[in-house]
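Listed here are the chains, written in short residue letters.
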Amino acid sequence: MNIIVISSAADVRRAADIAVSSYRRLTAELPWLPPRGAGEFIPRIEWMMNEGRVYALEDGGSMEAFLGWFRLDDFRNLGPGALTPDWCWGVRDDSPDGAPPDARAVSRRLSPLVRHMLGDLARAGLPVHAVGVPASAGAGLEEFSLLGWGRIVLDAARPARDLRALLDGRTAGERTGGDHAADDGITVRPANPSDARSLAMLDARLAAHISEPPVLMPDARGSDAGEWAEWLERPDALTFVAERAGGGLAGFIKAAPPGFDVSWFVHGEETLAICGLWVEPSARGSSVGERLLSALVDRALSLGKTLVSVDCETHNPEARAFWLRYFAPVSWSFERRF
């Protein structure tokens with residue numbers, strides 16, 4: 001086996017075929033994800049060739065695996081780093097029926113590429129690397145974990161109509177079980193420009209939360225009142241707030257079309273991506289988060305959005321538990337510092 005740097009159109013096509021096979025395994029588990037073919041992977045791999053580097057492992061003329069990365073000037077407030085998106089690595093299928101490669105095959109084909117990449121990153125002075133791993137790539141999840149990477153971000157999604165049904169079922173259970181009171185005096189409504197200052201205060205509390213244990217994200221900050229005012233003016237952005245009966249906000253949820261930091265696997269005009277949720281500790285235990293999510297899903301459906309996604313810190317246990325109650329994992333992001 002030998003490692004090459006991908007530079008030809010033929011090699012890009014072979015890498016794209018591997019990526020498509022991996023994506024097909026993911027969509028077999030999550031059939032509501034947007035369809036992707038080689039024609040959509042090829043330009044992305046070409047972009048990676050120009051912006052970073054893409055390697056492949058060859059054996060007797062066959063491409064066994066590929067992996068690409070590009071530089072980020074400020075990775076998660078840690079400084080320079082490198083990123084391998086979930087669409088830019090993969091291991092060739094062994095089985096004629098498209099079954100995923102087993103753990104031994106993944107290790108044998110992926111580890112040489114990782115070793116080669118880490119050498120390049122060390123020489124480039126990039127001391128942190130992250131990689132996105134499709135949720136269906138069980139052996140890949142295990143291999144990166146064994147090689148020293150730890151999960152840091154979850155990208156998840158669910159069809160909007162399925163979310164509506166899940167939320168309706170949970171609400172019915174709460175009514176019959178009596179676990180949570182719905183008459184707590186908190187009203188969920190769309191945010192308006194006059195909420196910008198209050199939203200900035202809530203966002204600052206969210207930033208403080210993720211800067212503390214166990215998340216410990218350095219230099220976390222929320223949007224200030226001016227940034228919130230601009231956000232609230234965006235025609236493609238949605239924000240709902242939970243307002244107390246006596247005045248004042250107890251929480252918010254916000255969403256927009258998927259951005260750069262959201263898994264490409266959920267990108268599409270049909271997708272609304274949640275990018276913020278906070279409920280004040282004093283308002284928790286009354287399903288405020290569910291009511292905010294419910295209002296957002298209703299609006300998404302009214303706008304013709306068929307898919308809702310979310311990403312969160314996996315080491316934020318409250319957020320992870322809440323989102324996994326309603327959303328199915330699409331991709332996990334791993335990080336390694338060295």
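Residues numbered from 1 in each chain as written. Predicted model: local features only at pLDDT ≥ 70, side-chain atom pairs only at ≥ 80, totals over all residues. Heavy atoms only, no water.

Asks: Could you give me a rundown of the overall build of the chain, with the residues and numbers involved?
Replies: When its secondary structure is counted, the chain shows 9 helices and 13 strands. Its C-alpha radius of gyration of 22 Å places the chain within 12% of the 20 Å reference for a compact globule of 338 residues. Across its three principal directions, the C-alpha atoms of the chain cover 70 × 40 × 35 Å. Here the chain holds 338 residues, and the buried ones make up 50% of them. Expressed as a percentage of contacts within the chain between residues at least 6 apart in sequence, the contacts between residues at least 24 apart total 73%. Summing over all exposed atoms, the chain offers an accessible surface of approximately 15,200 Å²; the carbon and sulfur share of this is 51%. Seen as two clouds, the 36 positive and the 46 negative side-chain charges of the chain have centres 2 Å apart. (Helix = DSSP H or I, 4+ residues; strand = E, 2+ residues; numbered from the N terminus. Rg over C-alpha atoms; globule rule 2.2 N^0.38 Å. Buried < 20%, exposed > 50% of the residue type's maximum accessible area, 1.4 Å probe, protein only. Contact = heavy atoms within 4.5 Å. Areas by Shrake-Rupley, 256 points an atom, 1.4 Å probe, with all protein chains shown as cover. Lys, Arg positive; Asp, Glu negative; His and termini not counted. Charge placed at Lys NZ, Arg CZ, Asp CG, Glu CD.)

Asks: Outline the packing of helix H1 (residues 9–29) against helix H2 (residues 38–51), supporting the account with residue identities and numerical values.
Replies: Between two packed helices, the angle of one axis relative to the other and the distance separating the axes together describe the packing. Contact geometry of H1 with H2 gives a least axis separation of 9 Å together with a crossing angle of 125°. For the element pair H1 / H2, the angle class is oblique. In terms of crossing hand, the pair formed by H1 and H2 is right-handed. Together, Val12, Arg13, Ala15, Ala16, Asp17, Ala19, Val20 and Tyr23 of H1 and Ala38, Phe41, Ile42, Ile45, Glu46 and Met49 of H2 make up the contact between the two elements. Class assignment for the residues of the contact of H1 with H2 results in 11 nonpolar, no polar and 3 charged. (Axes fitted to C-alpha atoms, helices over the stretch in contact; angles between N-to-C directions. Parallel < 35°, antiparallel > 145°, perpendicular 65-115°, else oblique. Left-handed = near helix turned anticlockwise from the far one by under 90°. Nonpolar A, V, L, I, M, F, W, Y, C, P; charged D, E, K, R; others polar.)

Asks: Lay out empty space enclosed by the protein in plain terms, naming residues and giving numbers.
Replies: Empty space among the atoms becomes apparent when a probe as large as a water molecule is rolled across them. Under the defined criterion, the tally for this structure stands at 1 cavity of 30 Å³ or more. Volume-wise, the largest cavity comes out at about 40 Å³. Taken together, Ala19, Ser22, Tyr23, Phe41, Asp86, Trp87, Trp89, Pro134 and Phe265 form the lining of the largest cavity. It is H1 that contributes the most residues to the lining of the largest cavity, 3 residues altogether. Class assignment of the residues belonging to the lining of the largest cavity gives a composition of 7 nonpolar, 1 polar and 1 charged. (1 Å grid on protein atoms, 1.4 Å probe; cavity = no way out; pocket = protein on both sides within 12 Å on 5 of 7 lines; lining within 4 Å. Points joined across faces, edges and corners; volume = space filled by probe spheres on them.)

Asks: How would you explain the side chain of Glu280 if you had to name every residue and give the values?
Replies: Mapping Glu280 onto the fold places it in the loop between strand E11 (271–279) and helix H8 (288–302). In terms of polar contacts, Glu280 uses its side chain to reach the side chain of Arg205, at 2.7 Å. Not counting residues up to four positions away in its chain, the partners in contact with Glu280 are Leu202, Arg205, Arg244, Leu249 and Ala250. (Polar contact = N/O pair within 3.5 Å; in protein donor to acceptor, adjacent residues only side chain to side chain.)

Asks: So what's going on with helix H4 (residues 138–146)? Residues and values would help.
Replies: Along H4, the residues that are buried comprise Gly140, Leu141, Glu143 and Phe144. Looking down the long axis of H4, one finds its buried residues gathered within 165° of arc, a one-sided arrangement. Gly148 sits one or two positions beyond H4 and adopts a positive phi of about 110°. (Arc of directions from axis to C-beta.)

Asks: Lay out unusual backbone geometry with the relevant residues and their values.
Replies: Omega for the peptide link from Pro213 to Pro214 comes to 5°, which places this bond in the cis form. If you trace the backbone, Pro214 turns up in the loop between helix H6 (196–211) and helix H7 (225–233). The phi angle at Asn77 is positive, at roughly 65°, despite the residue not being glycine. Within the fold, Asn77 resides in the loop between strand E3 (62–72) and strand E4 (81–84). One non-glycine residue, Asp219, adopts positive backbone phi at about 55°. Turning to its location among the elements, Asp219 is positioned in the loop between H6 and H7.

Asks: A description of the packing of aromatic side chains should follow, citing residues and the corresponding values.
Replies: With the rule as written, the count across this model stands at 13 aromatic pairs. When the ring of Trp87 is compared with that of Trp264, the centres are 6.5 Å apart and the planes differ by 75°; the resulting orientation is edge-to-face. Highlighted residues: Trp87 in the loop between E4 and strand E5 (89–91) and Trp264 in the loop between strand E10 (249–256) and E11, separated in sequence by 177 residues. Each ring, one from Trp264 and one from Phe265, has its centre 6.3 Å from the other, and the planes form 50°; the classification is tilted. The exposure classification of Trp264 matches that of Phe265, with both residues buried. Joined through ring pairs, the aromatic side chains of Tyr23, Phe41, Trp87, Trp264 and Phe265 make up one cluster. Above the face of the Trp264 ring, Arg36 is positioned so that its terminal group lies 4.3 Å from the ring centre. The side chain of Arg284 reaches across the aromatic face of Trp278, ending 4.8 Å from its centre. (Phe/Tyr/Trp six-rings, centres within 6.5 Å; stacked < 30°, edge-to-face > 60°. Lys NZ or Arg CZ within 6 Å of the ring centre and 35° of its normal.)

Asks: Run through the pattern of salt bridges, naming residues and quoting values.
Replies: Counting across every chain of the model gives 21 salt bridges. Of the charged contacts in the structure, one is a salt bridge between Asp93 and Arg25, with a shortest N-O distance of 2.3 Å. Placement of the pair is Asp93 in the loop between E5 and helix H3 (103–123) and Arg25 in helix H1, with a sequence separation of 68 residues. Each member of the pair Asp93 and Arg25 is classed as buried. Here Arg291 and Asp184 are joined by a salt bridge, their closest N and O atoms 2.6 Å apart. On the criterion of sequence distance, the pair formed by Arg291 in helix H8 and Asp184 in the loop between helix H5 (160–177) and strand E8 (187–190) is long-range, its members being 107 residues apart. Since its relative accessible area comes to 22%, Arg291 is described here as partly exposed. Taking relative accessible area as the criterion, Asp184 reaches 27% and is therefore assigned partly exposed. Salt bridges sharing common partners tie together Arg76, Glu313, Glu335 and Arg337. (Salt bridge = Lys/Arg side-chain N within 4 Å of Asp/Glu carboxyl O.)

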